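This is what each chain is made of:
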Amino acid sequence: MNKVEQQHFDACASVYETEIGEEYPQWLKWHLIEKYAKHGDRVVDIGGANGRHALDAALKVACETICVDISEGMLKQLKQRPDYLLAEVESRPTPVVASALELPIHDETVDLAWSYATLLLIPDQQTAISEMVRIVKPGGIVILDIGNVWNLGWLYWRRFYLKRGFPGIFPMSRRQIGKLVHALGCQTLEDIPTGILSQILLLPYIDKVTRLRDRIHKKGAYPDLDGRCSKLLPIFANRYYLVLRKKGG
């Protein structure tokens with residue numbers, strides 16, 4: 001990511017959401033971390049922003065947690081969060097300013113690595129994902145949030161990010177994802193599509209003047225209507241949440 005992107009995230013750091021939402025896609029992100037992280041594991045959140053997931057992994061699951069982000073402003077917000085300040089120093093996540101393309105972490109020293117809402121902004125996703133696999137131990141887990149190319153929602157988000165100086169967004173096809181997973185020597189444990197209905201909410205006024213969001217993302221429904229429909233037609237999903245296991249170990 002370039003300076004424009006760093007400045008964008010620095011600028012919005014003070015108002016960036018800290019709570020994990022109740023809608024299914026947000027619930028799913030934490031559910032996967034909680035499912036695969038174990039007490040005492042060394043874990044890394046790539047693109048961790050203000051520590052929305054990293055802080056909970058450190059304090060609720062008692063993991064040795066590293067929060068990597070390109071934005072110093074985001075990591076500054078992590079260090080100002082009340083839960084971070086109240087925690088014992090050794091329990092706090094370690095903030096690290098770094099690019100996903102060059103993680104300052106030794107080979108095969110991590111039990112679990114995840115990246116949410118980050119990879120689709122990186123043109124060279126293969127390198128970023130390869131870096132995650134590199135740092136994970138044989139038998140360790142990598143959780144990916146990958147945008148799917150066959151979804152009209154990306155027309156909206158591509159325009160959104162281009163207007164802010166980003167190079168664009170970079171969703172991948174299922175074929176590309178499959179080839180990459182195979183090349184990296186990983187086994188797919190879970191492949192969860194979401195977002196086939198969420199693209200409707202991006203149409204003008206739909207989200208503002210209707211209650212469609214409440215039906216698509218009914219709180220407490222895991223999976224919700226969107227998740228169930230996405231499972232039936234995964235090729236048109238907005239995102240895939242992939243859980244990979246690195247072979248060996």
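That block above? That's the structure.
Residues numbered from 1 in each chain as written. Predicted model: local features only at pLDDT ≥ 70, side-chain atom pairs only at ≥ 80, totals over all residues. Heavy atoms only, no water.

> Just checking my understanding: could you explain the packing of helix α1 (residues 3-12) against helix α4 (residues 72-80) for this structure?
To describe two helices that pack against each other, one gives the angle between their axes and the distance between the axes. Viewed as axis vectors pointing N to C, α1 and α4 meet at an angle of 30°, and their least axial separation amounts to 7 Å. For the element pair α1 / α4, the angle class is roughly parallel. In this structure, α1 contributes Phe9, Asp10 and Cys12 to the contact, and α4 contributes Glu72, Gly73 and Met74. When the residues that make up the contact of α1 with α4 are grouped by side-chain class, the tally is 3 nonpolar, 1 polar and 2 charged. (Axes fitted to C-alpha atoms, helices over the stretch in contact; angles between N-to-C directions. Helix = DSSP H or I, 4+ residues; strand = E, 2+ residues; numbered from the N terminus. Parallel < 35°, antiparallel > 145°, perpendicular 65-115°, else oblique. Contact = heavy atoms within 4.5 Å. Nonpolar A, V, L, I, M, F, W, Y, C, P; charged D, E, K, R; others polar.)

> Would you take a moment to explain the nonpolar core for this structure?
The tendency in soluble globular proteins is for nonpolar side chains to be buried as a group. Counting 30 residues, the largest nonpolar core has Val44, Ile135, Leu144 and Ile146 as its most contacted members. Looking at this core, the elements with two or more residues in it are β1 (42-46), β2 (64-69), β4 (110-115), α6 (125-135), β5 (136-147), α8 (174-183) and β7 (239-246). Discounting chain neighbours no more than four positions away, the residues touching Ile135 are Val44, Leu103, Ile105, His106, Asp107, Glu108, Thr109, Val110 and Ala113. Listed in part, the 19 residues of the second largest apolar core include Leu32, Ala37, Ala57 and Leu112. (Core = buried A, V, L, I, M, F, W, Y, C linked by side-chain atoms within 4.5 Å. Buried < 20%, exposed > 50% of the residue type's maximum accessible area, 1.4 Å probe, protein only.)

> Help me understand the pattern of salt bridges in this model?
In a structure, side chains of opposite charge can pair up when their charged atoms sit close to one another. Under the definition given, this model contains 13 salt bridges. Between Asp107 and Arg134 there is a salt bridge whose closest N-O contact spans 2.6 Å. A residue pair is termed long-range when its members are at least 10 positions apart, and Asp107 in the loop between β3 (94-97) and β4 and Arg134 in helix α6 qualify at 27 residues. Residue class for Asp107 comes out partly exposed when judged on its relative accessible area of 48%. Within the structure, one salt-bridge network assembled from shared partners comprises Glu23, Asp207 and Arg213. (Salt bridge = Lys/Arg side-chain N within 4 Å of Asp/Glu carboxyl O.)

> Before we go on, may I ask you to explain the sheet that holds β4 in this structure?
What the 7 strands build is an open sheet, ordered β3-β2-β1-β4-β5-β7-β6; its pairing is mixed. Two strands lie at the open edges of the sheet, namely β3 and β6 (186-194), each paired on one side alone. Strand-to-strand twist in this sheet, taken as the mean axis angle between neighbours without regard to direction, amounts to 15°. By the bridge criterion, 4 bridges tie β2 to β3 in an arrangement that is parallel. (Pairing = 2+ DSSP bridges.)

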